[in-house]
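Working through the structure, step by step
Below, each chain spelled out in residue letters.
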Amino acid sequence: MGYIDKDIVPADDGALTDAYSQAIASAVDVVGPAVSRIERVGGRAGHGSGFAISPDGLIVTNSHVVGDAKIARITAPDGFITEGRVLGRDVDTDIALIRAEASIGAWARLADSKRLRRGHIAIAIGNPLGFEWTVTAGIVSALGRSMRAASGRLMEDVIQTDAALNPGNSGGPLVSSNGEVIGVNTAVIQGAQSIAFAVASNTANFVVSEILRFGQVRRAFIGIAGDSIELPRKIALQAGTAQTTSVRVRRVEPGGPAERGGLREGDYVLAIDGKPVGGVDDIVRLMGGDKIGQNTELVVFSVAGQIETKMLVPIARS
């Protein structure tokens, strides 16, 4: 028969609340000074948010915030105003990169979004509806979502959160409780409550690297849509891999490289050219411009229940 300790002291609700509040406040203190208001200069008016990712004035925002503008006006939290040149934009991920003429003074660190879990704290900082430097908080509701970008293509590896977002939050950071940027806020579903989306930080990091190197994002295209999922242990054992997550193919584009290479809906993509695939962001990263026109090996767990190797030849994504 079990023993019940009658002297158990219940948790102090005030202390728990205070710890939660302190975690959010600390994260805002770290990232908040790096967040700016971004306005287009010339052309159609528009504004949103952005955040510095380096001490020399590199600022990440949304592609739809800067539009086709070449110059953006940047207003820091301390009132400092400068302008910046738009180095590049990628409508497929709704990410743009600006080089400010002067340092903002503070900058934020991009986290490894693959370490995220549902239920983690998510903090949004931005300038919604003209209310500058507003903070809202919630949790990570889902990972590996797909949604339609302004270009009409599917944006992969999107984080769903219930942290309240409104027009003007676009381009601002989604922040973890330890003060790292886990995503770039990008969209809300009009009419829905507590459903908002952010581009995962790993995808943003890839886009920033491509823009800095090439001025644009070069991509290989294989013609699939998929989502990040937990990899069933029996599949991991059969494949001889230690990875715990993978990508399940949800759709195969007719006539595309994936269909020609034998991929089917329901296949699990385990590796590309020997590199493990633990999530959609890995496919985004591994399908770089160097893969265009090259034989590319995919290891999959097929719908037939077998570990199979598929050879594809990716094409340039138009």
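Thresholds applied
Residues numbered from 1 in each chain as written. Predicted model: local features only at pLDDT ≥ 70, side-chain atom pairs only at ≥ 80, totals over all residues. Heavy atoms only, no water. Helix = DSSP H or I, 4+ residues; strand = E, 2+ residues; numbered from the N terminus. Buried < 20%, exposed > 50% of the residue type's maximum accessible area, 1.4 Å probe, protein only. Contact = heavy atoms within 4.5 Å. Polar contact = N/O pair within 3.5 Å; in protein donor to acceptor, adjacent residues only side chain to side chain. Salt bridge = Lys/Arg side-chain N within 4 Å of Asp/Glu carboxyl O. Pairing = 2+ DSSP bridges. Core = buried A, V, L, I, M, F, W, Y, C linked by side-chain atoms within 4.5 Å. Expected span 1.5 Å × (residues − 1). Axes fitted to C-alpha atoms, helices over the stretch in contact; angles between N-to-C directions. Phe/Tyr/Trp six-rings, centres within 6.5 Å; stacked < 30°, edge-to-face > 60°. Lys NZ or Arg CZ within 6 Å of the ring centre and 35° of its normal.

Considering the arrangement of structural elements, one finds threonine 61 in strand E3 (residues 58-61). Given the relative accessible area of 0%, threonine 61 is considered buried. Sequence separation between threonine 61 and glutamate 132 is 71 residues; the distance between their C-alpha atoms is 16 Å. With near-sequence residues (within four places) excluded, threonine 61 lies in contact with Ile38, Ser49, Gly50, Val66, Asp94, Ile95, Ala96, Ile98, Ser170, Gly171 and Val184. Engagement of the side chain of threonine 61 in a polar contact is seen with the backbone oxygen of serine 49, the distance being 2.6 Å.

This paragraph deals with the pattern of salt bridges. Counted by the stated rule, this structure contains 11 salt bridges. The partner of lysine 310 in a salt bridge is glutamate 308, with the nearest N and O atoms 2.8 Å apart. We classify lysine 310 as buried; its relative accessible area is 12%. Among the ionic contacts, a cluster of salt bridges with common partners joins Asp90, Asp92 and Arg219.

Mapped onto the secondary structure, isoleucine 123 falls in strand E7 (residues 121-126). Under the relative-accessibility criterion, isoleucine 123 is labelled buried at 0%. When the C-alpha positions of isoleucine 123 and valine 28 are compared, they lie 8.1 Å apart, and in sequence the two are 95 residues distant. In this structure, isoleucine 123 is in contact with Ile24, Ala27, Val28, Val135, Thr136, Ala137, Pro173, Leu174, Val175, Ser176 and Ser177, ignoring residues within four places of it in sequence.

On to the pairing of E7. The side chains of a regular strand alternate between both faces of the sheet. The buried count for E7 comes to 5 of 6 residues, which makes it a mostly enclosed element. Here E7 pairs with strand E8 (residues 134-148) via 6 bridges, running antiparallel. Paired with isoleucine 125 across the bridge in E8 is valine 135.

With 49 residues, the main nonpolar core has Phe51, Val60, Ile224, Leu263, Ile272 and Leu298 as its most contacted residues. The leading source of residues in this core is helix H3 (residues 201-214), at 5 residues. Setting aside residues no more than four positions away along its own chain, phenylalanine 51 makes contact with Ala34, Val35, Leu58, Ile59, Val60, Ala108, Leu110, Gly171, Gly172, Pro173, Val181 and Val184.

The next subject is H3. Spanning 14 residues, H3 covers 20 Å between terminal C-alpha atoms, matching the ideal 20 Å at 1.5 Å per step. For H3, the complete set of buried residues consists of Ser201, Asn202, Thr203, Ala204, Phe206, Val207, Val208, Glu210 and Ile211. Following H3 by one or two positions, glycine 215 has its phi on the positive side, about 80°.

Along the polypeptide, serine 176 turns up in the loop between strand E10 (173-175) and strand E11 (181-188). Judged by its relative accessible area of 11%, serine 176 is buried. Polar contacts involving the side chain of serine 176 include one to the side chain of asparagine 178, which spans 2.2 Å. When sequence neighbours within four positions are dropped, the list of residues in contact with serine 176 reads Ala27, Ile121, Ile123 and Ile182.

If you trace the 6 strands once around the closed barrel, you get E1-E2-E3-E6-E5-E4, paired in antiparallel fashion. For this sheet, the mean inter-axis angle between neighbouring strands, taken without regard to orientation, is 40°. As paired strands, strand E2 (residues 47-52) and E3 are joined by 3 bridges and run antiparallel to one another. Across the sheet, residue phenylalanine 51 finds its bridge partner in E3, namely valine 60.

Under the counting rule described, the total for this entry stands at 1 aromatic pair. Taking 6.2 Å as the distance between ring centres and 65° as the angle between the ring planes, the aromatic pair formed by tyrosine 268 and phenylalanine 301 counts as edge-to-face. In this pair, tyrosine 268 sits in strand E16 (residues 268-272) while phenylalanine 301 sits in strand E18 (residues 296-301), placing the two residues 33 residues apart along the sequence. In this pair, the class of tyrosine 268 matches that of phenylalanine 301, namely buried. The aromatic ring of phenylalanine 214 is capped on one face by arginine 218, whose charged end is 4.0 Å from the ring centroid.

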